[in-house]
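Single-letter residue listing:
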Amino acid sequence: PLTFILTGIPGLMMSSYWMALPLCCLYLLMLLGNCTLLWMIKTDHSLHTPMYCFLSMLAVADLGLSLSTLPTMLAIFWFESTSLPFEACIVQMYFIHSFSAIESGVLVAMAFDRFVAICYPLRYTSVLTSSLIMKAAGAIFMRGICVVLPVAVLIKKMPFCGSRVLSHSFCLHQDMLRLVCGDVTVNSLYGLTAVILTKGLDALTILLSYTMILRTILSIVSQETQAKAFSTCISHLCAVLIFYIPLIGLSIIHRFGKNLPPLTHTLLADAYLLVPPVLNPLVYSWKTKQIRRRILVLLCRR
């Protein structure tokens, strides 16, 4: 049966507890942070607002993204298990790219939420109704599921020969594609089109939203009101930067950084998949007053 060989961190021993322990801590922190966010939003009725509905969707996407990489990452560093069957690799690749597209869509929805809250505050509740939020959630998840499906179907039909060694501890589409010994023009074109239609358009939409938000904030006379309006966007801006900076860096080096050391590719890929799910709950807990207050109340009760 066709199997792929996954790679740990270049220059590091395969069975390295110095790497396995921090990875376990990161995954535990991710699970604790995102599950706590979901639990607080569900149990606290004061958090049943559009912004926190979108935040709960972001937590679900982060959980899915991290759990997609968890089995192979821990198998490599704990048990030195580097082989992965072809079908399992395709399934992992599908879920990684699907949840990544879903997270990008959620960030767009959160940008729209901030746009309406700052530019049209009097119409906030009439625009962002429960019905609209449910439709937006369904559209975001369906887009992530459907756009990535042809990627998995196309690569499943490709012939693989020669090297079966992947560059990362998990399966990515670009990484699998370079091992194909047939014509990959269709796969490459569809993969590029899918990225442009999801993350490319999402990034432009977020940029446009914040351009209009910035214009509205600068038109406010009171500096105190300006600072208050801008502070409501800080958490979302941090989440956008945490997600898009490693993503853009990884896309650039996959296409133009062929001569870069393998460690560069590995670290950027790990940052793209591990950093956002870990940092997003921390950022929102630190910058959002309602969540911070709720955490303090829980800690005081204990």
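Residues numbered from 1 in each chain as written. Predicted model: local features only at pLDDT ≥ 70, side-chain atom pairs only at ≥ 80, totals over all residues. Heavy atoms only, no water.

Engineer: I would appreciate a short explanation of the overall build of the chain in the present structure.
Structural biologist: Counting its regular elements, the chain contains 10 helices and two strands. Computed over its C-alpha atoms, the radius of gyration of the chain comes to 21 Å, within 12% of the 19 Å expected for a compact globule of 302 residues. In terms of its C-alpha atoms, the chain occupies a principal-axis envelope of roughly 65 × 45 × 35 Å. Here the chain holds 302 residues, and the buried ones make up 45% of them. Accessible surface for the chain amounts to roughly 15500 Å². Of this, 72% is attributable to carbon and sulfur atoms. Distance between charge centres in the chain, computed from 21 positive and 11 negative side chains, equals 9 Å. (Helix = DSSP H or I, 4+ residues; strand = E, 2+ residues; numbered from the N terminus. Rg over C-alpha atoms; globule rule 2.2 N^0.38 Å. Buried < 20%, exposed > 50% of the residue type's maximum accessible area, 1.4 Å probe, protein only. Areas by Shrake-Rupley, 256 points an atom, 1.4 Å probe, with all protein chains shown as cover. Lys, Arg positive; Asp, Glu negative; His and termini not counted. Charge placed at Lys NZ, Arg CZ, Asp CG, Glu CD.)

Engineer: It is not clear to me how the nonpolar core should be interpreted in this structure. Could you clarify?
Structural biologist: Soluble, globular proteins show a tendency: their nonpolar side chains are buried together. Counting 80 residues, the largest nonpolar core has Leu 55, Leu 107 and Met 176 as the members making the most contacts within it. For this core, the elements supplying multiple residues, two or more each, are helix 1 (17-43), helix 2 (50-79), helix 3 (86-119), helix 5 (130-156), helix 6 (173-177), helix 7 (185-218), helix 8 (223-256) and helix 9 (262-287). In terms of residue count, the dominant contributor to this core is helix 3 (18 residues). (Core = buried A, V, L, I, M, F, W, Y, C linked by side-chain atoms within 4.5 Å.)

Engineer: What am I meant to see in helix 2 here?
Structural biologist: For an α-helix, the turn length of 3.6 residues means that residues three or four places apart are oriented alike. An ideal rise of 1.5 Å per residue puts 44 Å on 30 residues; helix 2 measures up with 43 Å between its terminal C-alpha atoms. In the structure, helix 2 departs most strongly from a straight axis at Leu 70, where the bend amounts to approximately 40° and where the proline Pro 71 lies between one and four residues downstream. Counting buried positions along helix 2 yields 22 of 30 residues, so the element is predominantly enclosed. Positive phi appears at Glu 80, one or two residues downstream of helix 2, with a value of about 55°. (Expected span 1.5 Å × (residues − 1). Bend = angle between axes of the 7 residues up to and from the residue.)

Engineer: Any chance you could explain the confidence of the model for the chain here in plain terms?
Structural biologist: One rule of thumb: low pLDDT means the predicted coordinates there are not for detailed reading. Averaged over every residue, the pLDDT of the chain is 85; the share at 70 or more is 92%. Looking across the chain, the model is least confident in helix 10 (residues 289-301), with a mean pLDDT of 68, and most confident in helix 3, with 93. (pLDDT = per-residue confidence, 0-100.)

Engineer: Where do I start with the packing of helix 3 against helix 7 in this structure?
Structural biologist: Two measures define how a pair of helices packs: the angle their axes make with one another and the distance between the axes. Between helix 3 and helix 7, the least distance of the axes is 9 Å, while the angle of their chain directions is 15°. Between helix 3 and helix 7, the crossing angle belongs to the class labelled roughly parallel. Read as a crossing pair, helix 3 and helix 7 show a hand that is left-handed. Here Ser 100, Ala 101, Ser 104, Gly 105, Leu 107, Val 108, Ala 111, Arg 114, Phe 115, Ile 118 and Cys 119 of helix 3 come into contact with helix 7, specifically with Thr 198, Lys 199, Asp 202, Thr 205, Ile 206, Ser 209, Tyr 210, Met 212, Ile 213, Thr 216 and Ile 217. (Axes fitted to C-alpha atoms, helices over the stretch in contact; angles between N-to-C directions. Parallel < 35°, antiparallel > 145°, perpendicular 65-115°, else oblique. Left-handed = near helix turned anticlockwise from the far one by under 90°. Contact = heavy atoms within 4.5 Å.)

Engineer: Where do I start with the packing of aromatic side chains in this structure?
Structural biologist: Working definition: an aromatic ring pair is given by the centre-to-centre distance plus the angle between the planes. In the structure shown here, the tally under the stated rule is nine aromatic pairs. Measuring from centroid to centroid gives 6.3 Å for Phe 95 and Phe 99, while their planes differ by 25°, and the two rings are stacked. Taken as a pair, Phe 95 and Phe 99 lie in helix 3 at a separation of four residues, close to a single helical turn. Ring geometry for Phe 243 versus Tyr 244: centroids 5.1 Å apart, planes at 90°, classification edge-to-face. An identical accessibility class is assigned to Phe 243 and Tyr 244; each is buried. An aromatic cluster is defined as three or more aromatic residues linked by ring pairs; in this entry it consists of Phe 4, Phe 86 and Phe 160. (Phe/Tyr/Trp six-rings, centres within 6.5 Å; stacked < 30°, edge-to-face > 60°.)

Engineer: Explanation requested: the environment of Cys 89 in the structure shown.
Structural biologist: Secondary-structure assignment places Cys 89 in helix 3. Contacts of Cys 89, omitting those with residues within four sequence positions, involve Phe 4, Leu 84, Leu 166, Cys 171 and Met 176.

Engineer: Which parts of the structure should I look at to understand the UniProt feature "transmembrane region" (unreviewed entry) in the chain?
Structural biologist: UniProt marks residues 20-41, 53-78, 132-155, 233-253 and 265-284 with the feature "transmembrane region" (unreviewed entry), using the numbering shown here. For residues 20-41, helix accounts for 100% and strand for 0%, while the C-alpha atoms at its two ends are 32 Å apart. Along residues 132-155, the helical share is 100% and the strand share 0%, with 36 Å between the first and last C-alpha atoms. (UniProt positions renumbered as here; feature names shortened; annotations may be inferred.)

Engineer: Explanation requested: helix 9 in the structure shown.
Structural biologist: Its 26 residues place the ends of helix 9 36 Å apart at the C-alpha level, agreeing with the 38 Å of an ideal helix rising 1.5 Å per residue. Helix geometry: helix 9 is bent most strongly at Val 275, by close to 40°, with proline Pro 276 lying one to four residues after it.

Engineer: Which parts of the structure should I look at to understand the pattern of salt bridges?
Structural biologist: Pairs may arise between side chains of opposite charge once their charged atoms sit close together. By the definition in use, this model includes three salt bridges. Between Arg 178 and Asp 175 there is a salt bridge whose closest N-O contact spans 2.7 Å. (Salt bridge = Lys/Arg side-chain N within 4 Å of Asp/Glu carboxyl O.)

Engineer: What exactly am I supposed to notice about a nonpolar patch on the surface here?
Structural biologist: Side chains of Leu 197, Leu 201, Leu 204 and Leu 207 sit close together on the surface and give an oily, nonpolar patch of about 400 Å² of accessible area. Of note, Leu 201 is situated in helix 7. For Leu 201, a relative accessible area of 42% gives the class partly exposed. (Patch = residues over 30% accessible without salt bridge, like charges linked within 9 Å, V, L, I, M, F, W, Y side chains within 5 Å.)

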